[in-house]
Amino acid sequence: MPVGHLIRDTAFGQIVRLITKNRVFQYPEEQDPEYWKKYLNEEKSGYIAHHGHTEPPDDDSQETLQNARGVRTRDEHPQERGDSRDSTQTDTTFTDGTYNEASGVRVDQEKGRDKNVIDWYGPNDPENPKNWSTPKKFFVTGEIVFLTFSIYIGSAIYTPGLMGVMQTFGVSQVAATLGLTLFVAGYGFGPLLWSPMSEIPQFGRNPIYIATLLVFVLFQIPTALATNFGMLLAFRFLTGFFGSPALATGGATIADMYKPSKQAYGLSIWGIGAVCGPCLGPLVGGFAAQAEGWTWTIWELMWLSGFCWVFLFFLLPETSSANILYRRTQRLRKLTGNDKLICEPELMAEQMTGKDIVQMTLVRPISLTFTEPMVFFLNLYIALIYGLLYIWFESFPLIFVELYGFNLGQEGLAFLGILVGALIAMVCLFAYLHFYQEKQFNSNGEIKPEIRLQPAMIGSFFVPICLFWFGWSSRSDIHWIVPIIGSSMFGIAAFLLFQAVLPYLSDAYPAYTASVFAGNDLFRSAFGAGFPLFANAMYVNLGINWASSLLAFLGIAFIPIPFVLYKYGERLRKRSKHAKKDF
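What you see is a predicted model, and the numbers here were worked out from it, not measured in a lab. Each chain has its residues counted from 1, running along the sequence as written. pLDDT decides what is reported in this predicted model: residues at 70 or higher carry local features, side-chain atom pairs at 80 or more are listed and counted, and totals for whole chains, interfaces and linings draw on all residues regardless. To obtain the side-chain values, all non-hydrogen atoms of the structure were included, while hydrogens and water were left out.

Peer 1: So what exactly am I meant to see when it comes to the overall build of the chain here?
Peer 2: Counting its regular elements, the chain contains 24 helices and two strands. Our radius of gyration looks at C-alpha atoms and nothing else; its globule reference is 2.2 Å times the residue count to the power 0.38. What you see for the chain is a C-alpha radius of gyration of 27 Å, in line with the 25 Å of a compact globule of 583 residues. Oriented by its inertia axes, the alpha-carbon framework of the chain measures out at about 90 × 55 × 40 Å. The rule is simple: take the accessible area with a 1.4 Å probe, protein chains only, and divide by the maximum for that residue type; under 20% is buried, over 50% is exposed, in between is partly exposed. Relative to its 583 residues, the chain shows a buried fraction of 58%. Counting from the N terminus, the helices are DSSP H or I runs at least four residues long and the strands are E runs at least two residues long.

Written out as structure tokens, the structure reads:
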């Protein structure tokens, strides 16, 4: 696809169009006055005229719908529009308002609506993100990975400067750790607002990404220049809150572009970006804090995220199909002056009340977590993994700084073991997806959700193995590489569990994916925020070996979860009011 088409749908491109009154970066319908007719979906226009919505009628209504259709001769055949609609079908156009103009179907005065539905002009419409070229999909995926990394590193990059925070503000280590935990808490609460907002057709994903990332960048300034401890904590929470769209909506952006059988690959690459942040944060921040003090970790975060904002402002296109269709319909209404043009996302938005939005953003994520056993136990498992991830930031200094004599920069290098483990797991997962899981999809592009849990069944064993290995090998008479190898197994466990649980939840609850993911993010962020607060005391009082063993025993207790759901998940789905039952 030409570069101009990529830039046209970015924040920069849309601003240029606004300033030039749509003379630059034009869409095809703005260049050809007749082009817009390709976007009319006659079939859906007929449905909405007949019974008020775009879904096909039930069997009893099919004959009535056919009788309601007149005879019309079109100037162009459907094949000329690039779709596969029946070229033998002809309809009559009535101008008295009794019949729908786009379809020739009589408008039912009680149930029907006289609307002309704007849609993709066929299965190969290039503006549909799922039809983008492979290079464009890879490029946008890379942008989302970069965005996720730029935000996720913000939690871990702070930890090497804990001693500096303690000295500057005269607080204890537990208090200084709040700068980490409040950041994590912020991006736990953020998705409750940003995720549902990105699903609203009028907003889309791009404005949310660009606006919140800009606030994230700017708020690093008062964070670094904080004059008191309360100010530091407040802005750490706010930066986490405004940085959260990348963490909660990034997966949705990947799903916008890839068909179901390929989504797991994109999500895996995105997952590596999420792992890179916490793993590279102590490394990047360690050398900076050691040389220039704790504030330099915040300035580094601002420079990195600021560069990311500039990059995305000019080069990240919109991926939300609902927003793309909404903007297309707006353009066509303006070009044609036809107020009857409408798209399905607008029809769905019309039916949503303020109560529905509140229900989706605040109530549903929590209610699904605690009323659906599958959601609760998998969220609990992922929360444990997330909590363990942030416990490393407390245990590594005790082991590699105090025991092995590493400096802050060298301590950051120790985190690379987790990243290496995740990379190994990704290679293995790709092989599994290619040779096994892809073959399990049916002709409709669906897969039984329980199949998604198979990687988690393997990954679950690596949690206790990693903790036992790490805890009992962290001794001065054992080389430092041995506990690092042990920590790499956590990378394997975390990656496999995340890449199994999140796709499972998405497949099992397709109608509530945004709410399920928001609840998962809130749940795991609560553990990620809470675990570091007691980790130091636990390791000091119990010792490295027994503290790690305690967590390992907890990991053993969680091993049965994916196995039980793999066996009984289908039965639970059929009893659920919210899960999808037919596959």
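Once the structure has been displayed, the description carries forward.
Peer 1: Help me understand the environment of Lys 567 in this model?
Peer 2: Residue placement: Lys 567 occurs in helix 24 (residues 560-575). Expressed as a C-alpha distance, the spacing of Lys 567 and Glu 450, which sit 117 residues apart in the sequence, is 7.9 Å.

Peer 1: Whenever I open this one, unusual backbone geometry confuses me. Can you help?
Peer 2: Not every positive phi belongs to a glycine, and Lys 21 is a case in point at roughly 55 degrees. Classification of Lys 21 as exposed rests on a relative accessible area of 65%. Backbone geometry places Asn 22, a non-glycine residue, at a positive phi of 65 degrees. Taking relative accessible area as the criterion, Asn 22 reaches 23% and is therefore assigned partly exposed.

Peer 1: In this structure, what is going on with the state of the cysteines? I would like to understand it.
Peer 2: Cysteine pairs can be linked by a disulfide, which is a covalent bond between their two sulfur atoms. Disulfide assignment relies on a single distance test, namely cysteine sulfur atoms paired within 2.5 Å. Inspection of every chain in the model, using the stated rule, returns zero disulfides. With no disulfide partner, Cys 276 has as its closest neighbouring cysteine sulfur the one in Cys 279, 7.0 Å distant. On the accessibility criterion, Cys 276 (17% relative accessible area) is buried. By relative accessible area, which is 1% here, Cys 279 ends up buried.

Peer 1: Help me out: how do you make sense of the pattern of salt bridges in this one?
Peer 2: Between side chains of opposite charge, a pair can form when the charged atoms approach closely. When a carboxyl oxygen of Asp or Glu is within 4 Å of a side-chain nitrogen of Lys or Arg, the pair counts as a salt bridge. Applying the stated criterion to the full structure yields 20 salt bridges. The residue Arg 328 makes a salt bridge to Glu 127 at a minimum N-O spacing of 3.5 Å. Pair noted here: Arg 328 is in helix 15 (residues 321-336) and Glu 127 is in the loop between strand 1 (116-118) and helix 6 (134-156), with a separation of 201 residues, a long-range link. Exposure class is identical for Arg 328 and Glu 127. Each is buried. For Glu 570, the salt bridge identified is with Lys 448, shortest N-O distance 3.0 Å. Here the residue Glu 570 occupies a position in helix 24, and Lys 448 occupies one in the loop between helix 20 (416-435) and helix 21 (454-473), the gap between them amounting to 122 residues. One salt-bridge network, held together by shared partners, links Lys 44, Asp 119 and Glu 344.

Peer 1: Help me out: how do you make sense of the confidence of the model for the chain in this one?
Peer 2: Any region with low pLDDT has predicted coordinates that should not be read closely. What pLDDT reports is the predictor's confidence in each residue, on a scale of 0 through 100. Across the chain, the average pLDDT comes to 86, with 92% of residues at 70 or higher. Low pLDDT, under 50, characterises residues 70-96; the stretch is placed with 54 contacts to residues that sit more than four places away or in other chains. Any two residues whose heavy atoms approach within 4.5 Å at even a single point are treated as in contact.

Peer 1: How do you make sense of helix 6 when you look at a structure like this?
Peer 2: Residues spaced three or four apart along an α-helix point in a common direction, a consequence of the helix completing one turn every 3.6 residues. Multiplying 1.5 Å by the helix residue count minus one yields the expected span of that helix. Spanning 23 residues, helix 6 covers 33 Å between terminal C-alpha atoms, matching the ideal 33 Å at 1.5 Å per step. By the criterion of burial, helix 6 is predominantly enclosed, with 18 of the 23 residues buried.

Peer 1: Is there a simple way to explain a nonpolar patch on the surface in this structure?
Peer 2: Where nonpolar side chains cluster on the molecular surface, the patch consists of Phe 461, Ile 465, Trp 469, Trp 480, Ile 481, Ile 485 and Phe 563 and spans about 580 Å² of accessible area. Elements represented by at least two residues in the nonpolar patch include exactly helix 21 and helix 22 (481-508). Looking at the nonpolar patch, the element that brings in the most residues is helix 21, giving three residues. Following the sequence through the fold, Trp 480 ends up in the loop between helix 21 and helix 22. A relative accessible area of 34% means that Trp 480 is categorised as partly exposed. Any residue with relative accessible area above 30% and no salt bridge may belong to a patch, with like charges joined within 9 Å and the nonpolar Val, Leu, Ile, Met, Phe, Trp and Tyr side chains within 5 Å. Accessibility throughout is a Shrake-Rupley quantity obtained with a 1.4 Å probe, and a residue counts as covered only by protein chains that appear here.

Peer 1: So what exactly am I meant to see when it comes to the nonpolar core here?
Peer 2: In summary, soluble globular proteins display a tendency toward joint burial of nonpolar side chains. With 133 residues, the main nonpolar core has Leu 213, Tyr 390, Trp 392, Phe 400 and Phe 490 as its most contacted residues. Of all the elements, helix 18 (residues 373-401) adds the most residues to this core, at 20 residues. Excluding its chain neighbours within four sequence positions, the residues that come into contact with Phe 400 are Gly 405, Phe 406, Ala 414, Phe 470, Trp 480, Pro 483 and Ile 484. Of all hydrophobic cores here, the second largest spans nine residues; its members include Tyr 35, Trp 36, Ile 118 and Leu 332. What is meant by a nonpolar core is a set of buried Ala, Val, Leu, Ile, Met, Phe, Trp, Tyr and Cys residues, joined one to another through side-chain atoms within 4.5 Å.

Peer 1: It is not clear to me how the packing of helix 18 against helix 23 (residues 513-558) should be interpreted in this structure. Could you clarify?
Peer 2: The description of two helices packed together rests on the angle between their axes and the distance between the axes. Here an axis means a line fitted to C-alpha atoms, over the contact stretch when the element is a helix, while the angle between two N-to-C directions is reported on a 0 to 180 degree scale. Here helix 18 crosses helix 23 at 50 degrees, and the two axes come no closer than 4 Å. When the interaxial angle is binned, helix 18 and helix 23 end up oblique. The handedness of the crossing between helix 18 and helix 23 is right-handed. Polarity classes work like this: nonpolar for Ala, Val, Leu, Ile, Met, Phe, Trp, Tyr, Cys and Pro, charged for Asp, Glu, Lys and Arg, and polar for all others, with Gly in that last group. When its residues are assigned to classes, the contact of helix 18 with helix 23 shows 24 nonpolar, nine polar and two charged. An angle counts as roughly parallel when it lies under 35 degrees, as roughly antiparallel when it exceeds 145, as roughly perpendicular when it falls between 65 and 115, and as oblique in every other case. It is the rotation of the near helix from the far one that decides the hand of a crossing: anticlockwise by less than a right angle makes it left-handed, clockwise makes it right-handed.

Peer 1: Just to check I follow, could you spell out the environment of Gly 528 for this structure?
Peer 2: Along the chain, Gly 528 falls in helix 23. Sequence-distant contacts of Gly 528, defined by excluding residues within four places in its chain, comprise Val 184, Tyr 386, Gly 387 and Tyr 390.

Peer 1: What should I look at first to understand the side chain of Thr 369 in this one?
Peer 2: Counting through the fold element by element, Thr 369 comes out in helix 17 (residues 354-371). Setting aside residues up to four positions removed in sequence, Thr 369 forms contacts with Val 375, Phe 376, Asn 379, Gly 519 and Phe 523.

Peer 1: Any chance you could explain helix 7 (residues 162-169) here in plain terms?
Peer 2: Taken together, the buried positions of helix 7 are occupied by Leu 162, Gly 164, Val 165, Met 166 and Phe 169. Packing partners of the buried residues in helix 7 comprise helix 8 (173-189), helix 12 (229-257) and helix 18. Once helix 7 finishes, Gly 170 follows within two positions and takes phi at roughly 65 degrees, a positive value.

Peer 1: Looking at this structure, I do not really get the packing of aromatic side chains. What am I missing?
Peer 2: Two aromatic rings are characterised by how far apart their centres lie and by the angle between their planes. Pairing of aromatic rings covers Phe, Tyr and the six-membered ring of Trp, with a centre-to-centre limit of 6.5 Å; geometry is then stacked below 30 degrees between planes, edge-to-face above 60, and tilted otherwise. Counted by the stated rule, this structure contains 47 aromatic pairs. An angle of 50 degrees between the planes, with centres 5.4 Å apart, marks the rings of Tyr 381 and Phe 558 as tilted. Here the residue Tyr 381 occupies a position in helix 18, and Phe 558 occupies one in helix 23, the gap between them amounting to 177 residues. With respect to burial, Tyr 381 and Phe 558 carry one shared label: buried. Among the aromatic side chains, those forming a connected cluster through ring pairs are Trp 392, Phe 396, Phe 400, Tyr 404, Phe 406, Phe 415, Phe 470, Trp 480 and Phe 490. A ring is considered to have a charge above it if a Lys NZ or an Arg CZ atom is located within 6 Å of its centre and within 35 degrees of its normal. Above the plane of the ring of Trp 132 lies Lys 136, whose end atom (NZ or CZ) is 4.0 Å from the centre.

Peer 1: Whenever I open this one, the packing of helix 13 (residues 260-292) against helix 22 confuses me. Can you help?
Peer 2: At a minimum axis separation of 10 Å, helix 13 and helix 22 run at an interaxial angle of 135 degrees. Regarding the angle of helix 13 to helix 22, the classification is oblique. In this structure, helix 13 crosses over helix 22, and the sense of that crossing is right-handed. Mapping the contact onto sequence places Ala 264, Leu 267, Ser 268, Gly 271 and Ile 272 in helix 13 and Phe 495, Gln 499 and Pro 503 in helix 22. Residue composition of the contact of helix 13 with helix 22, by class: five nonpolar, three polar and no charged.

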